[in-house]
Amino acid sequence: MPASGFHEWTGGKGHKQCYNIHPVNSAIAFAGLCELWDFQGEVVPSFTIITLPPHPRFSHIHPKSIPLMLKAEDFDMWLDPHLTNTDPLQHLLGTRIREPLLVEPVKSPGSLEKAGPGEEIAADEL
């Protein structure tokens, strides 16, 4: 699933802060699964984004998980409809930051107006 970024919120009720998170120099390709299923005669698509355990350098933003973000060289394998053995995908399922991420506090997810300085979270060594 291509995206320019995603949002996470921190803080308690009444003190929520929204963060716009995006790679420093690229777009995001979230790893996901999709399925078409029949619901009372109507074909309904469903989609889910794969999430991984939290990353230590991202857990102050989201302590429960981090989405699996693919690099361009992973696309063909991830999208291969003939791949039935998941062993080639195992290296993707470790919690890693694969591209440097910019985490910016914003006033609202609709406007993306900055609400303070951002931070860059460096990519992990591969």
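All values derive from a computational prediction rather than experimental measurement.

Peer 1: Which residues make up the pairing of strand E5 (residues 32–39), and what values go with them?
Peer 2: Examined bridge by bridge, E5 and strand E6 (residues 42–49) share eight bridges and lie antiparallel to one another. Within E6, the position partnered with Phe39 by the bridge is Glu42. Where E5 folds back on E6, the antiparallel hairpin that results is connected by two residues, among which Gln40 adopts a positive phi of roughly 50 degrees.

Peer 1: Describe the nonpolar core, listing the residues and the values that go with them.
Peer 2: Counting 23 residues, the largest nonpolar core has Phe6, Ile21, Phe58, Leu68, Met69, Leu70 and Trp78 as the members making the most contacts within it. Listing elements by their share of this core, those giving two or more residues are strand E3 (17–23), strand E4 (28–29) and strand E9 (101–106). Dropping the residues within four chain positions of it, Leu68 is found in contact with Ala29, Phe30, Ala31, Ile50, Thr51, Leu52, Trp78, Leu92 and Leu93.

Peer 1: Got a sec to walk through unusual backbone geometry? Specific residues and values, please.
Peer 2: Of note, Gln40 is a non-glycine position whose phi angle comes to about 50 degrees, a positive value. Position of Gln40 among the secondary structure elements: in the loop between E5 and E6. For Gln40, a relative accessible area of 75% puts it in the exposed group. Of note in the backbone geometry, Leu112 takes a positive phi value of approximately 60 degrees without being a glycine. You can see Leu112 is positioned in the loop between E9 and strand E10 (119–121). Relative accessible area serves as the criterion here: at 38%, Leu112 is assigned to the partly exposed category.

Peer 1: Pulling in residues and values, what's your account of the packing of aromatic side chains?
Peer 2: Under the defined criterion, the tally for this structure stands at three aromatic pairs. Each ring, one from Phe6 and one from Phe30, has its centre 5.7 Å from the other, and the planes form 70 degrees; the classification is edge-to-face. Here Phe6 is found in strand E2 (residues 6–10), whereas its partner Phe30 is found in the loop between E4 and E5, with 24 residues between them in sequence. Taken individually, Phe6 and Phe30 each receive the classification buried, so the pair is uniform in this respect. Relative to Phe58, the ring of Phe6 has its centre 6.3 Å away and its plane inclined at 50 degrees; by these criteria the two rings are tilted. Within this pair, whereas Phe6 is found in strand E2, its partner Phe58 is found in the loop between strand E7 (51–52) and strand E8 (66–67), the two being separated by 52 residues in sequence.

Parameters at a glance
- Residues numbered from 1 in each chain as written.
- Predicted model: local features only at pLDDT ≥ 70, side-chain atom pairs only at ≥ 80, totals over all residues.
- Heavy atoms only, no water.
- Pairing = 2+ DSSP bridges.
- Helix = DSSP H or I, 4+ residues; strand = E, 2+ residues; numbered from the N terminus.
- Core = buried A, V, L, I, M, F, W, Y, C linked by side-chain atoms within 4.5 Å.
- Buried < 20%, exposed > 50% of the residue type's maximum accessible area, 1.4 Å probe, protein only.
- Contact = heavy atoms within 4.5 Å.
- Phe/Tyr/Trp six-rings, centres within 6.5 Å; stacked < 30°, edge-to-face > 60°.

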